[in-house]
Amino acid sequence: MIRWGYPCENVTLDASTNHTLQLRNAREERIREKFEQNLRDLWRMLEWNVQQGIALFRIGQHLVPFASHPSFPYDWYAAHADALRSVGEFAREHGLRLSMHPSQYVNVGSPHAEVVERSLAELRYSARVLEALGLPDCVLIVHLGGVYEGHASTGRRLVQHLRGEEQILRWLALEHDERLWSLRQVLPVAEQLGVPVIVDNLHHRLNPDGLTLREAVRLGISTWNGRRPKLHLSSQEEGKRPGAHAGRICPEDLHELLDALDGAEVDIMVEAKDKELAVLPLLGRS
DNA sequence: TACGGTCAAGGTAGT
DNA sequence: ACTACCTTGACCGTA
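Remember, predicted model here, so these are calculated numbers, not experimental data.

Participant: Which parts of the structure should I look at to understand the protein's contact with DNA strand B?
Facilitator: What surrounds DNA strand B is a group of 17 residues, the closest being L23, S110, R118, V147 and Y148. Of everything in DNA strand B that lies within 4 Å of the protein, sugar and phosphate atoms constitute 53%. One nitrogen or oxygen atom from the side chain of S68 is found 3.4 Å from a base nitrogen belonging to DNA strand B. In this structure, Y105 approaches DNA strand B through a side-chain N or O atom, which is 3.5 Å from a base oxygen. Partitioning the surface near DNA strand B into residue classes produces seven nonpolar, eight polar and two charged.

Written as structure tokens, this is what we have:
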């Protein structure tokens, strides 16, 4: 049985975990309001997901807006951990799996110390959210970011910067991308860190690096070491930049991935502009 | 209330 | 050297 999910927003409910504000307005009171709004919407979406049989959900990075910013004004963990633990209890009761996925600004392999520090701050924030949920199977997904003087030295630096960050590594999974880091290039980095890899069908099509999707899926799944593997599924938006997400999943892409999976028990995050609407037709498939 | 300019952050690619 | 683009549009001042 495959479990499905979608990221951050639900267009049916008009709900989102990414309500935010501009930095110049980021005073404690306003941030708390945004968090409460994100939390309310998160509850609405998770309850709806349970009704629909959707087990996966990605929490947006703006859950606590500017939580990783140096000028953040209060102890968000102390203030919000109880509320997050309640969400985690609900997720546990209903067998939901939650994840987070920071943006391209996270660049742990950067040669610039300030960039690395900001990146780690964002990852530590994300890891603390997952810790507060109190669930065993959350995932924190990141791309490898830029390539500076080559993959080898960038990868070495990334491993160096994350080594010892046990609170992050506990949740971390690395994802390949459609231009700079192929699955083959990500695998050794992930192995050195002892973290699994997310395979994404569209990234792989645009940057296969000599592997078939079936081979990529097999390699990716093997990095999960008995934990339930997680993958991404999306379709190309025709006429837009390669890699741009379409509103829905086209049947060919679905079947190609299901075929490559060869019956494996996995979780699949659907990345589509229409969010949950792209997931509903897939439920019960596999 | 609707509109349009603006928003923390890094890096790549195209001009 | 400059700009558009990217995860994900949401916010906010102004009319």
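Participant: I tried to follow the packing of aromatic side chains on my own but got confused; where do I start?
Facilitator: Counting across every chain of the model gives five aromatic pairs. Considering the side-chain rings of Y6 and F57, the 5.4 Å spacing of their centres and the 80° angle between planes classify their relative orientation as edge-to-face. Here Y6, found in strand β1 (residues 3–7), pairs with F57, found in strand β4 (residues 56–59); they are 51 residues apart in sequence, far enough to count as distant. The two residues Y6 and F57 agree in class, both being buried. Ring pairing ties together the aromatic residues W76, Y77 and Y125, which thus form one cluster. Taking NZ or CZ as reference, R32 lies 4.6 Å from the ring centre of Y74, over its face. Sitting over the ring of Y77, R128 keeps its end group 3.8 Å from the ring centre.

Participant: Looking at this structure, how should I read the layout of surface pockets?
Facilitator: Using a probe with the size of a water molecule, rolled over the atoms, empty space left in the structure can be pinpointed. The space that makes up the largest pocket amounts to roughly 1400 Å³. For the largest pocket, the lining is made up of 47 residues, of which H101, P102, S103, Q104 and Y105 are closest to its centre. Elements with a minimum of two residues in the lining of the largest pocket: β4, α3 (113–133), β6 (139–143) and α7 (201–206). A per-class count over the lining of the largest pocket returns 19 nonpolar, 16 polar and 12 charged.

Participant: Can you walk me through the nonpolar core in this structure?
Facilitator: When a protein is soluble and globular, its nonpolar side chains tend to lie buried together. In this structure, W76, L98, L162 and L174 are the most contacted members of the largest nonpolar core, which totals 84 residues. With nine residues, the top contributor of residues to this core is α3. Leaving out residues up to four positions away in the same chain, W76 has contacts with V64, A67, A81, L84, Y125, R128 and V129. Among the nonpolar cores identified, the runner-up in size contains five residues, and V139, I141, A173 and W224 belong to it.

Participant: I keep staring at the sheet that holds strand β9 (residues 230–233) and nothing clicks. Help me out?
Facilitator: Pairing within the closed barrel is parallel, and its eight strands lie in the order β1-β4-β5-β6-β7-β8-β9-β10. The mean inter-strand angle of the sheet, taken between neighbouring strand axes irrespective of direction, is 30°. Examined bridge by bridge, strand β8 (residues 197–200) and β9 share two bridges and lie parallel to one another. Bridge pairing in β9 places D200 opposite H232.

Participant: Is there a simple way to think about the packing of helix α4 (residues 151–162) against helix α6 (residues 183–193) in this case?
Facilitator: As a packed pair, α4 and α6 sit with axes 10 Å apart at the nearest point and diverge in direction by 25°. Comparing the axis directions of α4 and α6 gives the class roughly parallel. Here α4 runs over α6; the crossing is right-handed. In this structure, α4 contributes H151, G155, L158, V159 and L162 to the contact, and α6 contributes Q185, V189, Q192 and L193. Of the residues contributing to the contact of α4 with α6, the split by class is five nonpolar, four polar and no charged.

Participant: Would you mind showing me how to read the protein's contact with DNA strand C here?
Facilitator: T20, N25, K34, R58 and R241 are the nearest of the 18 residues found near DNA strand C. Counted by atom, the contact set of DNA strand C within 4 Å of the protein is 67% sugar and phosphate. The side chain of Q22 places a nitrogen or oxygen atom 3.4 Å from a base oxygen of DNA strand C. Between DNA strand C and R58, the relevant distance is 2.4 Å, taken from a phosphate oxygen to a side-chain nitrogen or oxygen of the residue. Residue composition of the surface near DNA strand C, grouped by class: three nonpolar, eight polar and seven charged.

Cut-off values and rules
- Residues numbered from 1 in each chain as written.
- Chains lettered and ligands numbered in written order.
- Predicted model: local features only at pLDDT ≥ 70, side-chain atom pairs only at ≥ 80, totals over all residues.
- Heavy atoms only, no water.
- Near = heavy atom within 4 Å.
- Polar contact = N/O pair within 3.5 Å; in protein donor to acceptor, adjacent residues only side chain to side chain.
- Nonpolar A, V, L, I, M, F, W, Y, C, P; charged D, E, K, R; others polar.
- Phe/Tyr/Trp six-rings, centres within 6.5 Å; stacked < 30°, edge-to-face > 60°.
- Helix = DSSP H or I, 4+ residues; strand = E, 2+ residues; numbered from the N terminus.
- Buried < 20%, exposed > 50% of the residue type's maximum accessible area, 1.4 Å probe, protein only.
- Lys NZ or Arg CZ within 6 Å of the ring centre and 35° of its normal.
- 1 Å grid on protein atoms, 1.4 Å probe; cavity = no way out; pocket = protein on both sides within 12 Å on 5 of 7 lines; lining within 4 Å.
- Points joined across faces, edges and corners; volume = space filled by probe spheres on them.
- Core = buried A, V, L, I, M, F, W, Y, C linked by side-chain atoms within 4.5 Å.
- Contact = heavy atoms within 4.5 Å.
- Pairing = 2+ DSSP bridges.
- Axes fitted to C-alpha atoms, helices over the stretch in contact; angles between N-to-C directions.
- Parallel < 35°, antiparallel > 145°, perpendicular 65-115°, else oblique.
- Left-handed = near helix turned anticlockwise from the far one by under 90°.

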